[in-house]
Amino acid sequence: QMLAPLLEKKSQELRLTVEPGSRVWTLDRDVVRYLLYHLLFSIVQLSGEGGTLQVHSAERDSSLHITIKMTHPWLGDGIPSAVAELHRKLEDAAQEMDLLTQLLARATGREETVPGSSAKLNDFETKAEIMQSRETLALLLSRHLIERHGGDLSLQGTPEMGYRFTIVLPFL
């Protein structure tokens, strides 16, 4: 419901599916709600107009598996490349810390002097939208919430076939 105005503005749809079987899972409801919101927010914001965001969940091996991908009638399937590139760069803890430091410096007007940061803000730019702090921070926050729950966020796929996010959350 919180994403509805943004989806409408971008002419996108959200399709949620749940695999048959048990639908009673022992998870931290608030953490799951927030991590999904922030991850979906960053994907929608960095996507072009149109398309369908597909979220599928299934129980496997005492955990919940959530798969997220985007489909578009003429652009094909997969998470936008901007999101995939940002996710790959943020897998390195040093780059993540540098980016957070740079975003904080930008927000406080101190971009010119960031002590201890080995990266420049331009090192992370693959397209202008990535550096909008809301989307970047939303992706980082969702990843940290997944880790807080003891889970894992992975990016699967190839540029040719498209990418998708897979979240694995162990039951509590």
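Parameters and conventions
Residues numbered from 1 in each chain as written. Predicted model: local features only at pLDDT ≥ 70, side-chain atom pairs only at ≥ 80, totals over all residues. Heavy atoms only, no water. Helix = DSSP H or I, 4+ residues; strand = E, 2+ residues; numbered from the N terminus. Polar contact = N/O pair within 3.5 Å; in protein donor to acceptor, adjacent residues only side chain to side chain. Contact = heavy atoms within 4.5 Å. Buried < 20%, exposed > 50% of the residue type's maximum accessible area, 1.4 Å probe, protein only. Pairing = 2+ DSSP bridges. Expected span 1.5 Å × (residues − 1). Right-handed = clockwise from strand over helix to strand, strands pointing away.

Draft legend 1. Spatial organisation of the side chain of S142. The residue S142 is located in helix α5 (residues 133-148) in this model. Polar side-chain contacts of S142 include one of 2.8 Å to the backbone oxygen of L139. With residues near it in sequence (within four places) discarded, S142 still touches L35, H38 and L39.

Draft legend 2. Up close: unusual backbone geometry. Its identity as a non-glycine residue notwithstanding, D61 has a phi of 50°, on the positive side. By secondary structure assignment, the location of D61 is in the loop between β2 (52-60) and β3 (63-72). The exposure class assigned to D61 is exposed, which follows from its relative accessible area of 74%. Positioned with a positive phi, S62 is a non-glycine residue whose angle comes to about 60°. Mapped onto the fold, S62 is located in the loop between β2 and β3.

Draft legend 3. Representation of the pairing of β3 in the model. Most of β3 sits inside the fold, with eight of its ten residues counted as buried. Across nine bridges, β2 lies against β3 in antiparallel orientation. Across the sheet, the residue bridging to L53 is M70, located in β3. The loop that links β2 with its antiparallel partner β3 comprises two residues; one of these, D61, has a positive phi angle of about 50°. Counting the residues in the hairpin turn of β3 and strand β4 (residues 76-77) gives three residues.

Draft legend 4. Region of interest: the environment of L153. With respect to the helices and strands, the residue L153 is situated in strand β5 (residues 152-158). Among the residues examined, L153 registers a relative accessible area of 9% and is labelled buried. For the pair L153 and F165, spaced twelve residues apart in sequence, the C-alpha to C-alpha distance is 6.9 Å. With sequence-adjacent residues up to four places away left out, L153 is seen in contact with L39, H87, R143, I146, F165, T166 and I167.

Draft legend 5. Region of interest: helix α2 (residues 29-45). Taking 1.5 Å of rise per residue, 17 residues should cover 24 Å, and α2 covers 24 Å from first to last C-alpha, within 8% of that figure. Where burial is concerned, most of α2 is hidden: twelve out of the 17 residues are buried. Of the positions making up α2, those classed as buried are V31, V32, L35, L36, H38, L39, L40, F41, S42, I43, V44 and Q45.

Draft legend 6. Looking closely at the environment of L35. Checked against the element boundaries, L35 lands in helix α2. The exposure class of L35 is buried, given its relative accessible area of 0%. Through-space distance from the C-alpha of L35 to that of L139 is 8.7 Å; in sequence the pair is 104 residues apart. The contacts of L35, once residues within four sequence positions are left out, are S142, L145, I146, I167 and L169.

Draft legend 7. Here's a closer look at the pairing of β2. As defined by bridge partners, strand β1 (residues 13-18) adjoins β2 across six bridges and the pair is classed as parallel. In the sheet register, V18 faces β2, and the bridge partner there is S57. Taking the sense of rotation as the criterion, the β-α-β connection linking β1, α2 and β2 turns out left-handed.

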